[in-house]
Amino acid sequence: MEYDERLARFRQGHLNPFDRGEENGHAHNGKQCSNIHRERVRGSFVASDIEQLKQAIEECKRLILELPEHSERQKDTVAKLIHLRLKLQELKDPEEDEPNLRVLLEHRFSKEKSKSVKQTCDKCSAIIWGLIQTWYTCTGCYYRCHSKCMNLITKPCVRSKVSHQSEYELNICPEIGLDKQDYRCAECRTPISLRGVPSEARQCDYTGQYYCSSCHWNDSAVIPARVIHNWEFEPHKVCRSSMRYLTLMISRPVLKLREINPLLFNFVEELVEIRKLRQDILLMKPYFITCKEAMEARLLLQLQDRQHFVENDDMYSLQDLIDISSGRLSCSLTEIHTTFAKHIKLDCERCQAKGFVCELCKEGDVLFPFDSHTSVCHDCSAVFHRDCYYDNSTTCPRCARMTERKHDAPNDSPEPGS
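Rules used throughout
Residues numbered from 1 in each chain as written. Predicted model: local features only at pLDDT ≥ 70, side-chain atom pairs only at ≥ 80, totals over all residues. Heavy atoms only, no water. UniProt positions renumbered as here; feature names shortened; annotations may be inferred. Helix = DSSP H or I, 4+ residues; strand = E, 2+ residues; numbered from the N terminus. Buried < 20%, exposed > 50% of the residue type's maximum accessible area, 1.4 Å probe, protein only. Contact = heavy atoms within 4.5 Å. Areas by Shrake-Rupley, 256 points an atom, 1.4 Å probe, with all protein chains shown as cover. pLDDT = per-residue confidence, 0-100. Core = buried A, V, L, I, M, F, W, Y, C linked by side-chain atoms within 4.5 Å.

The name recorded for the protein chain in an unreviewed UniProt entry is Differentially expressed in FDCP 8 homolog, from Scleropages formosus. Per UniProt, the comment on the protein chain under Function (unreviewed entry) is "Positively regulates lysosome peripheral distribution and ruffled border formation in osteoclasts. Involved in bone resorption."

(A) Fine view of the overall build of the protein chain. If you tally the helices and strands in the protein chain, you get 18 helices and 14 strands. Across the 418 residues in the protein chain, those meeting the buried criterion constitute 41%. In the protein chain, 57% of the contacts between residues at least 6 apart in sequence involve partners at least 24 apart. For the protein chain, the computed accessible surface area is about 24,000 Å², with 49% contributed by carbon and sulfur atoms.

(B) Region of interest: helix 14 (residues 318-326). Listing the buried residues of helix 14 in full gives Leu-318, Asp-320, Leu-321, Ile-322, Asp-323 and Ile-324. Turning to helix 14, the residues buried within the fold contact helix 8 (224-230), strand 11 (255-256), helix 10 (257-260), helix 12 (269-289), strand 12 (315-316) and helix 15 (328-347).

(C) Spotlight on the environment of Ile-176. Residue position: Ile-176 is located in the loop between helix 7 (158-164) and strand 7 (202-203). Linking Ile-176 and Thr-207, residues 31 residues apart in sequence, is a C-alpha distance of 9.6 Å. Those residues in contact with Ile-176 that sit more than four places away from it in its chain are Gln-181, Gly-208 and Gln-209.

(D) Geometry of the confidence of the model for the protein chain. When pLDDT is averaged across the protein chain, the result is 81; 82% of the residues are at 70 or more. Of the regions scoring below 50 in pLDDT, residues 6-48 engages in 69 contacts with residues more than four places distant in sequence or in other chains.

(E) Broad picture of the nonpolar core. In this structure, Leu-257, Leu-271 and Leu-321 are the most contacted members of the largest nonpolar core, which totals 72 residues. Considering each element in turn, this core owes the most residues, 7 residues, to helix 12. The contacts of Leu-271, once residues within four sequence positions are left out, are Trp-231, Leu-257, Leu-264, Phe-265, Tyr-316, Leu-321 and Ile-324. Ranked by size, the runner-up nonpolar core spans 9 residues in total, among them Cys-358, Leu-367, Val-383 and Cys-399.

Spelled out as C-alpha cells, the structure:
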C-alpha cells in the first residue's frame, strides 16, 4: 500500500523520488544521488521538464551500477528509476490529447481503455504497456498499435478486402520465389534473405510469399486450400495480414465444394452425412415459415450462427469444415434436425396436416419429404415410399391428375378476329 501511495503521489508531481533514501537513513551513495538533484527538485519534483527527468534517469542508472549487487540501496534506486521513467513516458505520450476514434487507410481505430491487458503492437512488434501508453484497436480487423505508430501504418484494413473480395486462395502455398520479390518483404518491402541477413525471410503458407519478422510472427492457421484438396487441418505458419484475413473469413460461407472438389464427397463420409441433414432442413423450412407455433418458438433461430444452412445445401465456411472434421457439427446438427422433425411430425397438428399419403400403395403412415425411406417427385413434390416410387412403371399419379385437369379446363383464350 505504501508503494502504491508513493507511486500515485509521484505521478501527480508531489513526491521527490529521492526523499525515501533520506527518510530511511541510507548510506552515503543514496544521499549523494539526492544531493546532486536537491537544487533541481527542491521538495516536490517538477515533472514538466523532460530534460530534468532524463538527467535524473541517467544519474540513477549510473548509481545502480556503482551500488553493491542485490543490496537494499540498489533495489531502492531501481524503484526510483522506474518512477522516473513512468513520469517521463506520461509526458511524452499524454493520453488526454488523443482522440477516441481515428480513421486511417479504412481502419477505424478506437482508443482502448484497458490498462492491465498486455498486448503487442502490430506495427513495431513492441509490447504495449497499457498502464502508461495510449493504444488503439481497429474495430474491423483488430489491428493493434501504439498511438505513436499510427502514422507509420501502410497496410489497409483487411476488413475492406473481406467485404470486396470474399474468396480464398485455393492453390496450396503458391510460391513465386524470393528472387521474384526482389529479396524484400512482400508487405513492408524491408530487405530479407533466407540466411537472416539483414532480416530473416519467413514464408506464409497461405500466400506463398516471404515476409520479414515484423510482418510474420510465426502465427499458425488452418489453410483453406489444404483442407479442400487434401482434407488436412494441421495449422501452418502464416503472416500477420493473412492471419487477420483468415480470422475474418473463417465463418463466411464462400466454399462451394461441389464445384471446387466434388470428389471430396467420395472420400469423406462425414460430408455426405452433413449434406443429407442440410437437405432435410431445407425441406423442413417451408413448414416452419407457414406455421404460427414454429415462428413463435423461433425454431429456425437455432441455426442463426450458420444462417446459410437454411438458405442452401452446397455452400460451406472454413469453420463448417473444421467442425465437420472434429465431429462437433454432426452432433449439433443431428440434435437440431431431431427437434425440427419432432415439431412437424408430433407436436404441431398444422404441420402434420401437410403430410402425404403414398398414392401408389395407399398404405402406411403419413409421409414427409425429409423421411429417410421416402422419395419426392421432382415435378409436383408429392411424396411416396421409396420402394413404391422406383417400382412404379407409370407416371406420378399427382402429376397425371394435374395434367388431366389442364386438358379439361375451358379454353378462355379469345377467338381469332374477335
